[in-house]
Amino acid sequence: MPNMTLMDPLDARIVLALDDDPDATILALAQTLGVARNTVHARLRRMAADDMLKPFSRRVDPAALGYGLVAFMSLAVSQAEPEGVHQGLLAVPEVIEVHYTTGDADLLAHVVAKDTADLHRITKAILAIDGVDRTSTAVSLAEVVPYRPRSLLHRLANS
């Protein structure tokens, strides 16, 4: 993980307040949290500048865009072509997240598709990327635990 500035309890409280009311103004946040408006504004600017906050688009459910099928694809890749593989995956819009992993696969791709036929098309596109040797796909039947940094924010806010 790259060096990252860590949030402190006030940062966590600000993010939780925004989570509760995404349309809150800086003044409203300051009043809710009992801190100065300039403090809230400076903290939000710092968190954005330090890449602590992910883009707003991460909140969009791909199903709302017509991509209701979720799959996780393990990729075995040629170690000689990592940058080409990365660029190739970026060119496939349905690949919404990729991680390096340990174990049998080199990469784990979070993929969304409209249906199984669309997933087949996406799989063929990924296999056509120079450096991708093979894939193994697991289709998600249901999300059991959603992405949930909120519990971690509560822990930090109360520390």
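Every chain begins its residue count from 1, and numbering advances along the sequence as written. It should be noted that, the model being predicted, local features are given only for residues of pLDDT at least 70 and side-chain atom pairs only at 80 or more, the latter also being counted only at that level, while totals for whole chains, interfaces and linings use all residues. With hydrogens and water set aside, each side-chain value is computed from the structure's full complement of heavy atoms.

**Here we look at the side chain of Thr123**
By definition, any uninterrupted DSSP run of H or I lasting at least four residues is a helix, any uninterrupted run of E lasting at least two residues is a strand, and each is numbered from the N terminus. Structurally, the position occupied by Thr123 is in helix α5 (residues 116-127). Since its relative accessible area comes to 15%, Thr123 is described here as buried. When residues no more than four places from it in sequence are discounted, the contact partners of Thr123 are Met73, Thr135 and Thr137. Burial classes: relative accessible area under 20% of the type maximum marks a residue as buried, over 50% as exposed, and values in between as partly exposed (1.4 Å probe, protein chains only). Note on definitions: a residue-residue contact is assigned when non-hydrogen atoms from the two residues lie within 4.5 Å.

**Let's talk about the UniProt feature "domain: Transcription regulator AsnC/Lrp ligand binding" (unreviewed entry) in the protein**
UniProt positions are given in the numbering used here, feature names are shortened, and annotations may be inferred rather than shown by experiment. The UniProt entry lists residues 81-142 under the feature "domain: Transcription regulator AsnC/Lrp ligand binding" (unreviewed entry), expressed in the numbering used here. Between the end C-alpha atoms of residues 81-142 the distance is 34 Å, and the span holds 34% helix and 34% strand.

**Notes on the sheet that holds strand β2 (residues 95-100)**
DSSP bridges decide pairing: two strands pair if at least two such bridges lie between them. With antiparallel pairing, four strands are arranged side by side in an open sheet as β2-β3-β1-β4. The two strands at the open ends of the sheet, each matched to only one other strand, are β2 and β4 (132-139). For this sheet, the mean inter-axis angle between neighbouring strands, taken without regard to orientation, is 25 degrees. Two elements, β2 and strand β3 (residues 107-113), share five bridges in a ladder whose sense is antiparallel. From the neighbouring strand, Tyr100 faces β3, where its bridge partner is Leu107. Angles run from 0 to 180 degrees between N-to-C directions of axes, and those axes are lines fitted to C-alpha atoms, restricted for helices to the stretch in contact.

**Section: the side chain of Arg43**
Within the secondary structure layout, Arg43 lies in helix α3 (residues 37-49). Only 2.7 Å separates the side chain of Arg43 from the side chain of Asp8, close enough to count as a polar contact. Setting aside anything within four residues of it in sequence, one finds Arg43 in contact with Asp8, Leu10, Asp11 and Ile14. A 3.5 Å cut-off defines polar contacts: any pair of N or O atoms within that distance qualifies, except that in protein one atom must be a possible hydrogen donor and the other a possible acceptor, and neighbouring residues in sequence count only when both atoms are side-chain atoms.

**What to know about the packing of aromatic side chains**
Paired rings are identified among Phe, Tyr and Trp, the last through its six-membered ring, by centres lying within 6.5 Å, and are further divided according to the angle between planes into stacked (under 30 degrees), edge-to-face (over 60) and tilted (the rest). Scanning the model with the defined rule gives zero aromatic pairs in all. We call a charge positioned over a ring when the NZ of a Lys or the CZ of an Arg lies within 6 Å of the ring centre and within 35 degrees of the ring normal. One cation-aromatic arrangement involves Arg58 over Tyr147; the distance from NZ or CZ to the ring centre is 5.4 Å.

**As for the environment of Val15**
Along the polypeptide, Val15 turns up in helix α1 (residues 9-20). A sequence separation of 14 residues divides Val15 from Leu29, and the C-alpha atoms of the two residues are 9.7 Å apart. Beyond its immediate stretch of four places on either side in the chain, Val15 contacts Met7, Met47, Leu53 and Leu153.

**Some words on the nonpolar core**
Only buried residues count toward a nonpolar core, which is a set of Ala, Val, Leu, Ile, Met, Phe, Trp, Tyr and Cys residues joined through side-chain atoms within 4.5 Å. Judged by nonpolar contacts, the single largest core of 18 residues is most densely connected at Leu75, Leu89, Val111 and Ile126. Breaking this core down by element, the ones donating at least two residues are β1 (69-77), α4 (82-90), β3 and α5. If one sorts the elements of this core by residue count, β1 sits on top with five residues. When sequence neighbours within four positions are dropped, the list of residues in contact with Leu75 reads Leu89, Ala105, Asp106, Leu107, Ala109, Ile126, Val132, Arg134 and Thr135. In terms of nonpolar packing, the next biggest core, distinct from the first, is built from 16 residues, Leu10, Ala30, Leu33 and Leu153 among them.

**Structural notes on the pattern of salt bridges**
Note on definitions: salt bridges are taken to be side-chain nitrogens of Lys or Arg within 4 Å of carboxyl oxygens of Asp or Glu. Enumeration according to the criterion identifies seven salt bridges in this entry. The salt bridge partner of Arg43 is Asp11, with a shortest N-O separation of 2.8 Å. Taken as a pair, Arg43 in helix α3 and Asp11 in helix α1 lie far apart in primary sequence, 32 residues in all. In this structure, the salt-bridge partner of Arg46 is Asp11, at a minimum N-O distance of 2.7 Å. Pair noted here: Arg46 is in helix α3 and Asp11 is in helix α1, with a separation of 35 residues, a long-range link. Here Asp11 falls in the buried class, since its relative accessible area comes to 0%.

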